[in-house]
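Observations on chain architecture
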Amino acid sequence: MSALLDVQDVVAGYKPDLPIIHGLSLTVAPQEMVTIIGPNGAGKSTLIKALAGVLTVSSGMVRLEGRDITNLPTHRMAEASMAYVPQVANVFTTLTINENLLVGASSLPKSEAKTRIERGYEAFPDLKRYRDKKAGVLSGGQRQMLAVARALLTGPRLLMLDEPSAGLSPLMVSEVFERLKALVEDGVAILMVEQNAKAALAISHRTYVFAEGRNRIDGPSAALVEDPEVTSIYLGAGGRKR
Amino acid sequence: MLQAIADGILSGSIIALGAIGLTLTMGILRFANFAHAELVTWGAYMALGVLSLTGAFMGPLAPFSFGVPLLMATLVAMVATALLALAIDWLVYRPLRGRANHLTLVFGSFGVSLLVRMVILLLFGGAAQYYSNTLQIAMKVAPGLRIMPDQIFTLGLTAVIVVALHLFLQKTRLGLSMRALAENPELARVNGIDTRHVVRWTWIIGASLAAIAGVLYGLTVQLRPEIGFHLLLPLFAAAILGGVGNVFGAVIGGLIVGLAESISVLFIPAGYKLAVPFMILLLVLYIRPTGIFAGTVGGGKS
């Protein structure tokens, strides 16, 4: 089976002459949940930003469904059936819940946007209750749900999330993770950066461990849980275990 | 006193129109565009240029001092000002955006403003000019209060524009995109918003409003190449007072600045009037740097 997302030797960083990731590769199969873990500064978020088109890929190749999407303008990623939920500032706090969803559907025709938003409300009834409230009043967990609901409006086959558990209470984390698991069962593949290595290994099918901008280990998450090398990368690469 | 308040509301509404455009471009493009005030001058003179080319005044629409030609000239001036703003963005700001820091852009806008002012001076000369030489008789509205019909027109037009702009920002897709872009450009792009398209429209709207402000200034005061220079501080004071990006804030800010200027004349020598917006600006920056109605584009209450 061919991969949904195929990333090969991607080099990227915040400045063109200062790469943070030095040739990372990974694949995501349809309906697969893949997590990326690694110590601070491993380049996890940098990679996901480069894949989403927020940062420029200076060399390497990104393919989605066999199509080359390397350095596609950010706003056209949605058409390429991929969606990205950034870390922390992932909703427009000055806009209402409904407006947030409207923004997420801005690449769709208006009537289509409306029906998809209604469908989104069915899947996330909590959001419907607050639809005319500013997103700024939502809790961290509710914001994360809103961000996910918004990302799903365009019907992506791949959803990328940057540390969806950051700043959430443990209870909320498990709620968000349950939600993501359900999405995978519905046919969406997920690529997720996670700070909490244990939680990441527990929830995903496969996991990549990065350190210092390079691939270190990857494999089925269940196998990595017992791998002593994973622990040593966390301890040895200059990052504290979190 | 009554007269001072009426005059203040009038000049305040012109300041407000200019400040709306300034607050929009500042909120969305994230830099202080010092050339915005020159767009006001440019708009005023473009309308004059069209009038002098098309010739006669074709008879005013009573009770106003102007007629259909000025209205048409205003539309042309709006287009000409929008084109100038887009050209400036394309030639100066866009190459700098993303590569240089904000201060470079601000200095760039200083240069642009000087250039625009000099071009106007070159084309139209430095002498004060008027759209019409017909003298307008002020109506006595109340004891000690005289208002000219043109001034009432100015107020009414400002009110209509503010309401229309509010509806545009609240109800349309483009307006929503502008508000989203003002809050978080990266998130807006991730959500499928083509930011370059939105930036273009921000310039078009901001410049068109500046042109209208210029024509209204020319109509109720006079045309001089220094209009922009004199409006620069009041515009910034109004925009910052209202909170950068906040349309209603800019309107209220404009009215406060206008009123403060005209009322101050009752207590201090008129020569110091120009310092009043500067004092307001300083006070706001000291006490509430985010403006009275801190917020991003849209202006709704949170």
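Just so it is clear, the model here is predicted, and its values are computed rather than measured. (Residues numbered from 1 in each chain as written. Chains lettered and ligands numbered in written order. Predicted model: local features only at pLDDT ≥ 70, side-chain atom pairs only at ≥ 80, totals over all residues. Heavy atoms only, no water.)

Here's the deal with the overall build of chain A
The criterion, for reference: Each helix is a run of DSSP H or I of at least 4 residues and each strand a run of E of at least 2, with the numbering of both proceeding from the N terminus. Radius of gyration here is computed from C-alpha atoms only, and the compact-globule reference equals 2.2 Å multiplied by the residue count raised to the power 0.38. Any pair of residues with heavy atoms lying within 4.5 Å of one another is described as a contacting pair. The method behind every accessible area is Shrake-Rupley, applied with a 1.4 Å probe, and residues are considered shielded solely by the protein chains displayed.
Helices and strands together make up the secondary structure of chain A, namely nine helices and 10 strands. Taking 2.2 N^0.38 as the reference for a compact globule, 242 residues should give roughly 18 Å; the C-alpha atoms of chain A span a radius of gyration of 17 Å, in line with that estimate. The dimensions of chain A, computed from C-alpha atoms along their principal axes, are 50 × 40 × 35 Å. Contacts in chain A between residues far apart in sequence, at least 24 positions, make up 65% of those at least 6 positions apart. In the form shown here, chain A has an accessible surface area of approximately 10600 Å², with 51% of it arising from carbon and sulfur atoms.

Notes on the overall build of chain B
This is how the line gets drawn: Note on exposure labels: buried denotes an accessible area under 20% of the residue type's maximum, exposed denotes more than 50%, and partly exposed covers the range between, all computed with a 1.4 Å probe on protein chains only.
Within chain B, the regular secondary structure consists of 11 helices and two strands. For chain B, the α and β elements follow one another from N to C terminus as α-α-α-α-β-β-α-α-α-α-α-α-α. In terms of overall dimensions, chain B is globule-like: its C-alpha atoms have a radius of gyration of 19 Å, near the 19 Å expected for 302 residues. Once the C-alpha set of chain B is aligned to its principal axes, its extents read approximately 55 × 45 × 35 Å. Burial analysis of chain B (302 residues in total) assigns 53% to the buried set.

Some points on the interface of chain A and chain B
In plain terms, the rule: Here's the idea: put two parts together, see how much 1.4 Å probe accessible area each one loses, and the total over both is what we call buried area. Any Lys or Arg side-chain nitrogen found within 4 Å of a carboxyl oxygen on Asp or Glu counts as a salt bridge. By the criterion applied in these results, polar contacts are pairs of N or O atoms within 3.5 Å in which, for protein atoms, one can donate a hydrogen and the other can accept it, and in which residues neighboring in sequence qualify only through two side-chain atoms. The nonpolar class holds Ala, Val, Leu, Ile, Met, Phe, Trp, Tyr, Cys and Pro. Asp, Glu, Lys and Arg form the charged class, and all remaining residues, Gly among them, are polar.
Contacts between chain A and chain B engage 26 residues on the former and 19 residues on the latter. Counting the surface lost from both chain A and chain B, the interface buries some 2000 Å², and carbon and sulfur atoms represent 57% of this. Summed over the shared surface of chain A and chain B, the number is one salt bridge. Glutamate 99 of chain A is paired through a salt bridge with arginine 179 of chain B; the nearest N and O atoms lie 2.7 Å apart. The interface formed by chain A and chain B includes eight residue pairs in polar contact (both at pLDDT 80 or more). Contributions of two or more residues to the side of chain A that touches chain B are made by α2 (97-104) and α3 (110-123) of chain A. For the side of chain A that touches chain B, the leading source of residues is α2 of chain A, giving four residues. Class assignment for the residues of the side of chain A that touches chain B results in 13 nonpolar, eight polar and five charged.

Let's talk about the layout of surface pockets
Residues and elements named next belong to chain B. Rule in force here: A 1.4 Å probe that fits but cannot get out identifies a cavity on a 1 Å grid over protein atoms alone, an open set with protein on both sides within 12 Å along at least five of seven lines counts as a pocket, and a residue lines either if it has an atom within 4 Å of a point. Grid points are joined across faces, edges and corners, and a volume is the space filled by probe spheres set on the points.
Of the pockets and cavities examined, the largest pocket occupies roughly 1400 Å³. Taken together, 33 residues form the lining of the largest pocket, with Arg97, Gly98, Arg189, Thr195 and Arg196 sitting closest to its centre. Counting residues per element, the ones that place at least two in the lining of the largest pocket are α1 (2-29), α3 (68-96), α4 (102-124), α7 (185-190) and α8 (195-220). By residue class, the composition of the lining of the largest pocket is 15 nonpolar, eight polar and 10 charged.

Remarks on the confidence of the model for chain A
All names here are of chain A. This is how the line gets drawn: What pLDDT reports is the predictor's confidence in each residue, on a scale of 0 through 100.
Mean pLDDT over chain A: 88, with 96% of residues reaching 70 or higher. Model confidence for chain A, summarised as mean pLDDT per element, is weakest for helix α9 (residues 228-236) at 76 and strongest for strand β8 (residues 189-193) at 95. A low-confidence stretch, residues 237-242 (pLDDT under 50), is modelled with 12 contacts involving residues beyond four sequence positions or located in other chains.

Some details on the pairing of strand β10 (residues 214-220) of chain A
Residues and elements named next belong to chain A. Let me state the cut-off plainly: When DSSP finds at least two bridges between two strands, those strands are taken to pair.
In terms of strand pairing, strand β9 (residues 206-211) meets β10 through six bridges, oriented antiparallel. For tyrosine 208, the partnering residue across the bridge sits in β10 and is aspartate 218. Linking two consecutive strands that pair antiparallel, namely β9 and β10, is a turn of two residues; a positive phi of about 50° is found at glutamate 212 within it.

A few points about the packing of α1 of chain B against helix α9 (residues 227-242) of chain B
Residues and elements named next belong to chain B. Here is the rule we go by: Note on method: axes are straight lines fitted to C-alpha atoms, helices fitted across the in-contact stretch only, with angles between N-to-C directions ranging 0 to 180 degrees. Note: crossing handedness is left-handed where the near helix turns anticlockwise from the far helix by less than a right angle, and right-handed where it turns clockwise.
Running from N to C, α1 and α9 cross one another at 65°; their axes reach a closest spacing of 8 Å. Judged by the sense of rotation from one axis to the other, the crossing of α1 with α9 is right-handed. Of the residues in α9, those in contact with Ile15, Gly18, Ala19, Leu22, Thr23 and Met26 of α1 are Leu231, Pro234, Leu235, Phe236, Ala238 and Ala239. By residue class, the composition of the contact of α1 with α9 is 10 nonpolar, two polar and no charged.

Describing the sheet that holds strand β1 (residues 5-12) of chain A
Residue and element names in this part refer to chain A. Pairing is antiparallel across the open sheet formed by four strands, whose spatial order is β2-β1-β4-β5. Strands with a single pairing partner mark the edges of an open sheet, and in this sheet they are β2 (21-28) and β5 (67-68). Bridge count for β1 against strand β4 (residues 57-64) is six bridges, and the pairing is antiparallel. By the bridge assignment for β4, glutamine 8 is matched with methionine 61. Across the sheet, helix α1 (residues 44-52) lies against β1, β2 and β4, angled at about 115° from β1, the strand it touches most.

Re the packing of aromatic side chains
All names here are of chain B. To keep it simple, the criterion reads: Here a pair means two rings of Phe, Tyr or Trp (six-membered ring of Trp) with centres within 6.5 Å. Their orientation is stacked below 30 degrees between planes, edge-to-face above 60, and tilted elsewhere.
Throughout the structure, instances matching the rule amount to six aromatic pairs over all chains. Their ring planes at 40° and their centres at 6.3 Å tell us that phenylalanine 107 and phenylalanine 110 sit as a pair that is tilted. Taken as a pair, phenylalanine 107 and phenylalanine 110 lie in helix α4 at a separation of three residues, close to a single helical turn. A residue is classified by how much of its surface remains accessible, and phenylalanine 107, at 55% relative accessible area, is exposed. Given the relative accessible area of 35%, phenylalanine 110 is considered partly exposed.

A word on a nonpolar patch on the surface
All names here are of chain B. What counts here: Only residues whose relative accessible area exceeds 30% and that form no salt bridge enter a patch; like-charged residues are grouped when within 9 Å of one another, and nonpolar side chains (Val, Leu, Ile, Met, Phe, Trp, Tyr) when within 5 Å.
Judged by side-chain polarity, Met1, Leu2, Ile5, Ile9, Leu155, Leu266, Phe267, Ile268 and Tyr272 come together as a nonpolar surface patch covering roughly 860 Å² of accessible area. Examining the composition of the nonpolar patch, we find that three residues originate from one element, α1, more than from any other. Its location among the elements puts leucine 2 in helix α1. With relative accessibility at 44%, the residue leucine 2 sits in the partly exposed group.

What about helix α10 (residues 247-264) of chain B?
All names here are of chain B. Our working definition: To estimate how far a helix should extend, the number of its residues minus one is multiplied by 1.5 Å.
Taking 1.5 Å of rise per residue, 18 residues should cover 26 Å, and α10 covers 26 Å from first to last C-alpha, within 8% of that figure. Considered for burial, the residues of α10 that qualify are Val247, Gly249, Ala250, Val251, Gly253, Gly254, Val257, Gly258, Glu261, Ser262 and Ser264. Here the buried face of α10 lies against α1, α5 (149-171), α9 and α11 (275-287).

Focus: the pattern of salt bridges
A side chain of one charge can pair with a side chain of the opposite charge if their charged atoms are brought near each other. All names here are of chain A. One pass over the full model with this rule turns up 11 salt bridges over all chains. Among the ionic pairs, glutamate 32 bridges to arginine 206, the shortest N-O distance being 2.6 Å. Taken as a pair, glutamate 32 in the loop between β2 and β3 (33-37) and arginine 206 in strand β9 lie far apart in primary sequence, 174 residues in all. For glutamate 32, a relative accessible area of 11% translates into the label buried. Taking the relative accessible area as the measure of exposure, arginine 206 reaches 19% and is therefore buried. Here lysine 181 makes a salt bridge to glutamate 178, at a shortest N to O gap of 3.7 Å. Of this pair, lysine 181 and glutamate 178 both sit in helix α6 (residues 170-185), separated by three residues, roughly a single helical turn.

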